[in-house]
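Notes for the structure review
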Amino acid sequence: MPPKNTQPKYRQIADYLRDGILNGTFPAGQPLPSEEALAKQFGVTRPTVRQGLAELRASGLVEAIMGRGTFARSPHSRPGLTRPRGVRRAADGRFIEADGIRWADAEPPVATRTDAPMALADLLRIPPGEPMFTYDALQSTDNGRLRQLHRTYVPFSVLVDTKYEEEAPPPAPELYSALADLGHELRFTEYIRTRMPLPDQAQALRLADGVPLLHVLRVTLTEADKPLALEEFHLPGDELELSFRL
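Okay, so let's go over this structure. (Residues numbered from 1 in each chain as written. Predicted model: local features only at pLDDT ≥ 70, side-chain atom pairs only at ≥ 80, totals over all residues. Heavy atoms only, no water.)

**Description of the environment of Leu61**
- Here Leu61 shows up in the loop between helix 3 (46-58) and strand 1 (62-65).
- Judged by its relative accessible area of 7%, Leu61 is buried.
- C-alpha of Leu61 to C-alpha of Ala116: the two residues are 55 residues apart in sequence and 39 Å apart in space. (Helix = DSSP H or I, 4+ residues; strand = E, 2+ residues; numbered from the N terminus. Buried < 20%, exposed > 50% of the residue type's maximum accessible area, 1.4 Å probe, protein only.)

**Details of the layout of surface pockets**
- Within this model, the largest pocket holds a volume of roughly 820 Å³.
- If you trace the largest pocket, you find 28 residues lining it, with Arg57, Ala64, Arg206, Asp238 and Glu239 closest to the centre.
- Every element with two or more residues in the lining of the largest pocket is listed here: helix 3, strand 1, strand 2 (69-72) and strand 9 (146-155).
- The class makeup of the residues in the lining of the largest pocket is 13 nonpolar, four polar and eleven charged.
- The volume enclosed by the second largest pocket comes to roughly 650 Å³.
- Where the lining of the second largest pocket is concerned, the elements lending two or more residues are strand 5 (95-97), strand 6 (104-105), strand 8 (131-141), strand 9, helix 5 (174-181) and strand 12 (227-236).
- Tallying contributions element by element places strand 8 first for the lining of the second largest pocket, with four residues. (1 Å grid on protein atoms, 1.4 Å probe; cavity = no way out; pocket = protein on both sides within 12 Å on 5 of 7 lines; lining within 4 Å. Points joined across faces, edges and corners; volume = space filled by probe spheres on them. Nonpolar A, V, L, I, M, F, W, Y, C, P; charged D, E, K, R; others polar.)

**Concerning the packing of helix 1 (residues 9-23) against helix 3**
- Helix 3 packs onto helix 1 with a crossing angle of 50° between their chain directions and a minimal axis gap of 8 Å. Relative to helix 3, helix 1 is oriented oblique. Both helix 1 and helix 3 take part in a crossing whose hand is right-handed. Along the contact surface, helix 1 presents Lys9, Tyr10, Arg11, Ile13, Ala14, Leu17 and Arg18, while helix 3 presents Thr48, Val49, Gln51, Gly52, Leu53, Glu55 and Leu56.
- The residue makeup of the contact of helix 1 with helix 3, split by class, is seven nonpolar, three polar and four charged. (Axes fitted to C-alpha atoms, helices over the stretch in contact; angles between N-to-C directions. Parallel < 35°, antiparallel > 145°, perpendicular 65-115°, else oblique. Left-handed = near helix turned anticlockwise from the far one by under 90°. Contact = heavy atoms within 4.5 Å.)

**As for the environment of Asp142**
- One can find Asp142 in the loop between strand 8 and strand 9.
- The class of Asp142 is partly exposed, set by a relative accessible area of 41%.
- Along the sequence, Asp142 and Gly86 sit 56 residues apart, while their C-alpha atoms lie 20 Å from each other.

**Digging into the side chain of His215**
- Among the structural elements, His215 can be located in strand 11 (residues 213-221).
- Classification of His215 by relative accessible area gives buried; the value is 5%.
- A polar atom in the side chain of His215 sits 2.8 Å from the side chain of Glu232.
- Once residues within four sequence positions are removed from consideration, His215 is found in contact with Tyr191, Ile192, Arg193, Arg195, Glu232, Phe233 and His234. (Polar contact = N/O pair within 3.5 Å; in protein donor to acceptor, adjacent residues only side chain to side chain.)

**Regarding a nonpolar patch on the surface**
- A contiguous nonpolar patch, built from Ile192, Phe244 and Leu246 and spanning about 380 Å² of accessible area, is present on the exposed surface.
- Of note, Phe244 is situated in the segment after strand 13 (240-243). (Patch = residues over 30% accessible without salt bridge, like charges linked within 9 Å, V, L, I, M, F, W, Y side chains within 5 Å. Areas by Shrake-Rupley, 256 points an atom, 1.4 Å probe, with all protein chains shown as cover. Salt bridge = Lys/Arg side-chain N within 4 Å of Asp/Glu carboxyl O.)

**Re helix 1**
- Relative to the 21 Å expected for 15 residues at 1.5 Å per residue, helix 1 spans 21 Å between its end C-alpha atoms, a close match to the ideal helical length.
- Within helix 1, the full set of buried residues consists of Tyr10, Gln12, Ile13, Ala14, Leu17, Gly20 and Ile21.
- Where the residues of helix 1 are buried, they touch helix 2 (35-42), helix 3, strand 1 and strand 2.
- At the exit of helix 1 stands Gly24, carrying a positive phi of roughly 90°. (Expected span 1.5 Å × (residues − 1).)

**Considering unusual backbone geometry**
- Here the residue pair Ala172 and Pro173 is connected by a cis peptide bond, since its omega of 10° sits within 30 degrees of zero.
- Of note, Pro173 is situated in the loop between strand 9 and helix 5.
- The backbone of Arg125 sits at a positive phi, close to 55°, despite the residue not being glycine.
- Non-glycine residue Asp161 carries a positive phi angle of around 65°.
- Relative to the elements of secondary structure, Asp161 occurs in the loop between strand 9 and helix 5.

Scope: geometric values only; no functional claims are made or implied.
Here's what the structure looks like:
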């Protein structure tokens with residue numbers, strides 16, 4: 001007698017569908033069994049089925065198409081959107097993203113004063129606890145289809161003996177021009193990893209259960225590699241890939 005499967009039902013559903021996609025039972029581009037059929041097969045409710053499907057979406061093995069159902073994807077297929085990474089300076093002097101995407105603030109940015117936590121202080125090479133200007137923005141593009149959380153940090157010490165001792169600097173990307181106007185030649189370094197979102201991040205980015213984040217840290221540096229500012233980007237990790245020209 002085979003051992004009883006003690007995995008949660010949603011995980012059993014995810015494993016069943018994953019095995020079927022990888023062995024060709026469910027070919028790429030073809031619809032998977034309906035939520036109703038899976039619920040009946042495994043003796044569960046439809047929310048449990050959706051939880052199993054969310055695991056497969058997070059690993060890029062399925063995609064949901066509005067009004068048509070859920071379809072198998074090849075493990076070698078490309079995500080729906082590729083974003084080239086990098087910053088370049090336009091002819092008019094503005095700094096713009098390499099991907100050319102025009103982001104709009106979905107709500108007014110929030111400006112606060114924060115103290116540098118250990119991890120960010122290390123990247124900025126400042127003492128932990130140093131005060132920073134911090135800007136938070138929820139941004140969207142493509143009629144709201146793609147969203148990102150964008151946070152800008154500027155240490156107070158970077159602004160000593162500049163006009164920004166008396167007035168707050170702008171958030172990025174306008175910040176780049178402000179720093180260049182202070183005489184800095186700018187360079188950029190990015191650090192990228194994945195992690196699961198916090199509940200408020202999942203809600204803001206409209207992420208399904210089980211979908212991870214792409215967490216991007218961008219440090220703005222002088223030509224002599226002195227850090228001037230840091231940005232955090234949180235992006236959906238299911239239908240997006242980042243590309244870099246080396």
